[in-house]
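# A look at the structure
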Amino acid sequence: MYKTKAYAAASATSPLASATIKRRDPTENDVQIEILFCGICHSDLHSVRNEWSDFMSTTYPIVPGHEIVGRVTQVGAAVTKFKSGDLVGVGCMVDSDWGCPRCKAGLEQFCSSVIFTYNSPDKHQTAPVTYGGYSDSIVVDQRFVLRVPSNLDPAGVAPLLCAGITTYSPLRHWGVTEGKKVGVVGLGGLGHMGVKLAHTMGAHVVVFTTSPDKTEDALRLGADEVVVSHNADEMQQHAGSFDFILDTVSAKHDINAYLNLLSLDGNITLVGAPEKPLEVAAFSLIMARRSLSGSSIGGIAETQEMLDFCGEHNITADVEVIPIQEVNEAYERLLKSDVKYRFVIDMASLKAE
Ligand code: NAP
Ligand code: ZN
């Protein structure tokens, strides 16, 4: 075991602060990574503040962070996929059982034994739970390490490891291609990636936002139309017209307003994970055989496919790079929907702690 620097929260009401944590020495199949950049996902904030306690309680201290880009510093004897010096990424998962039908189908995110990058049981028993990417370094099984395309800016790649795959996977699953009309609700970290990806897949993209000042950005990012969601007339103009809507909103909101915009057999997929349940009116679904579903990140092979797709099309996140000392302020700005469009921590700043 070795010690490394991190930022951790000691309780649901504590700010993130400098801490020292232990990591395991790389075992046979492990890759040790020096973390260069880590994105700030709204899930980090939900977890730090224990907002998902009904579903998965947070164990403290928590070291969040699952949008990791770094350099390989050491590999175990059985590692064949990576070598020292490679630029790599790690997303929301670091292990699963690999034997179950879901793992075999490339759906490790739905494995009943999936180990998330933070706040999951640490089967190596280095710590009570896994610790995430707000840290100098991390050690991960090679099967959960991704190759980063060399033509992309590493800071802009970090958010692809969660925001990118979480939007790419349902867009692919629901057959988004040229000619489809696709809505993206909420223009934050996930939403802005959803817009870029759906646009690149050839869809006609409509952004729904509560922030009128994001209109110009939405168009620049690839939206064909922008609707300010509290404007009932604008909403009504799109009634019954969407093939697919991706809902990325992090807080409670009226889902029926969006269900009513779906066409016959249209689908709305929730990726946003508000703390409180959403109410669904049966008639919003019944009248046009609409469906409501959810989606969680994406499997490892699909994550690599998404990174390669982004490499091919030169897609990265729009990022505001911050030193780790500003992380608590960034969380407050996330709550005000004031992020354009992903905060990414430059981990070099942790060396000053
Ligand atoms: P984010 O950057 O904070 O973006 C969320 C956006 O939702 C905001 O920018 C805002 O967009 C909109 N919004 C916020 N509060 C709202 C409200 N009260 N009513 C209507 N719209 C509101 O968050 P994120 O990192 O993209 O994450 C979004 C959600 O996805 C979070 O709940 C997160 O935990 C979840 N998530 C899920 C997965 C998964 O696998 N399913 C993966 C990652 C994240 P506008 O200003 O445009 O309205
Ligand atoms: Zn995330």
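Below, the structure is looked at part by part. (Residues numbered from 1 in each chain as written. Chains lettered and ligands numbered in written order. Predicted model: local features only at pLDDT ≥ 70, side-chain atom pairs only at ≥ 80, totals over all residues. Heavy atoms only, no water.)

## Some thoughts on the site of ligand 1
Near ligand 1 you find 31 residues, and of these T209, T210, S211, K214 and R342 are the closest. Measuring from an oxygen atom of ligand 1, one finds a side-chain N or O atom of T210 at 2.6 Å. A273 places a main-chain nitrogen or oxygen 3.0 Å from an oxygen atom of ligand 1. Considering ligand 1 on its own, with 920 Å² of exposed area, one finds that the protein chains cover 89% of that surface. Among the elements of the structure, α1 (42–48) and α5 (189–200) are those that each provide at least two residues to the shell around ligand 1. The element that contributes the greatest number of residues to the shell around ligand 1 is α1, accounting for 3 residues. Class assignment for the residues of the shell around ligand 1 results in 12 nonpolar, 16 polar and 3 charged. Shared between two domains, the shell around ligand 1 holds at least three residues of each, these being domain 1 (2–161 + 319–352) and domain 2 (163–294). (Near = heavy atom within 4 Å. Polar contact = N/O pair within 3.5 Å; in protein donor to acceptor, adjacent residues only side chain to side chain. Areas by Shrake-Rupley, 256 points an atom, 1.4 Å probe, with all protein chains shown as cover. Helix = DSSP H or I, 4+ residues; strand = E, 2+ residues; numbered from the N terminus. Nonpolar A, V, L, I, M, F, W, Y, C, P; charged D, E, K, R; others polar. Domains from an automatic or database assignment.)

## Quick notes on the side chain of D30
Along the chain, D30 turns up in strand β3 (residues 30–39). Among the polar contacts listed, one links the side chain of D30 to the side chain of T27, at a separation of 2.8 Å. Among all residues touching D30, those that are not within four sequence positions of it are R24, D25, Q74, V75, G76, V79, V139, V140 and D141. (Contact = heavy atoms within 4.5 Å.)

## Details of α5
Compared with the 16 Å implied by 1.5 Å per residue over 12 residues, the 17 Å span of α5 between its first and last C-alpha is a close match. In terms of residue burial, α5 counts as a mostly covered element, since 10 of its 12 residues are buried. For α5, the set of buried residues is G189, L190, G191, H192, M193, G194, V195, K196, L197 and A198. Where α5 is buried, its residues meet α4 (163–173), β10 (181–185), β11 (204–209), α6 (215–221), α10 (300–313) and β17 (342–346). (Expected span 1.5 Å × (residues − 1). Buried < 20%, exposed > 50% of the residue type's maximum accessible area, 1.4 Å probe, protein only.)

## Some points on the packing of aromatic side chains
One pass over the full model with this rule turns up 5 aromatic pairs. Aromatic side chains W174 and F244 sit 6.4 Å apart centroid to centroid with 20 degrees between the ring planes, which places their arrangement in the stacked category. Of the two residues, W174 sits in the loop between α4 and β10 while F244 sits in strand β13 (residues 242–247), which places them 70 residues apart along the sequence. Residue classification places W174 among the partly exposed residues on the basis of a relative accessible area of 35%. Classification of F244 as buried rests on a relative accessible area of 1%. (Phe/Tyr/Trp six-rings, centres within 6.5 Å; stacked < 30°, edge-to-face > 60°.)

## Some details on the nonpolar core
If you look at the biggest cluster of nonpolar residues, it comprises 96 residues, and the most contacted ones within it are I40, Y134 and L197. Each of domain 1 (2–161 + 319–352) and domain 2 (163–294) contributes no fewer than three residues to this core. With 14 residues, the next largest nonpolar core counts V227, I245, V249 and L261 among its residues. (Core = buried A, V, L, I, M, F, W, Y, C linked by side-chain atoms within 4.5 Å.)

## Some thoughts on the sheet that holds β13
Sheet architecture is open: 6 strands sit in the order β12-β11-β10-β13-β14-β15, paired in parallel fashion. One side of each edge strand has no neighbouring strand; the edge strands of this open sheet are β12 (225–228) and β15 (291–294). Each strand of the sheet is rotated relative to its neighbour by a mean of 20 degrees, with strand direction disregarded. Pairing analysis gives 4 bridges linking β10 to β13, with the strands arranged parallel. Bridging from a neighbouring strand, V185 pairs with D247 of β13. Its contacts with the sheet put α4 on β10, β13 and β14 (262–270), and the angle it makes with β13 is roughly 160 degrees. (Pairing = 2+ DSSP bridges. Axes fitted to C-alpha atoms, helices over the stretch in contact; angles between N-to-C directions.)

## Focus: the pattern of salt bridges
Taken as a whole and assessed by the stated rule, the structure comprises 16 salt bridges. Across the salt bridge formed by R220 and D318, the nearest N and O atoms sit 3.0 Å from each other. Here the residue R220 occupies a position in helix α6, and D318 occupies one in the loop between α10 and β16 (319–323), the gap between them amounting to 98 residues. The shortest N-O distance in the salt bridge between R333 and D338 comes to 3.0 Å. Taking relative accessible area as the criterion, D338 reaches 31% and is therefore assigned partly exposed. Several salt bridges share partner residues, and in doing so they unite K196, D217, R220 and D318 into one network. (Salt bridge = Lys/Arg side-chain N within 4 Å of Asp/Glu carboxyl O.)

## Focus: the coordination of the zinc ion (ligand 2)
Ideal geometry at a metal centre gives angles of 109.5 degrees when four donors are arranged tetrahedrally and 90 or 180 degrees when six donors are arranged octahedrally. Taken together, the protein ligands of the zinc ion (ligand 2) are C41 (SG), H66 (NE2) and C162 (SG), with distances of 2.0 to 2.2 Å. Mapped onto the sequence, the residues coordinating the zinc ion (ligand 2) show the spacing C-x24-H-x95-C. Of this pair, C41 sits in the loop between β3 and α1 while C162 is found in the loop between α3 (154–157) and α4, placing the two residues 121 residues apart along the sequence. Taken as a pair, C41 and C162 share a single burial class, namely buried. (Donors = N, O, S within 2.8 Å, 3.2 Å for Na, K, Ca; no water.)

Function-wise, these values are silent; they only describe arrangement.
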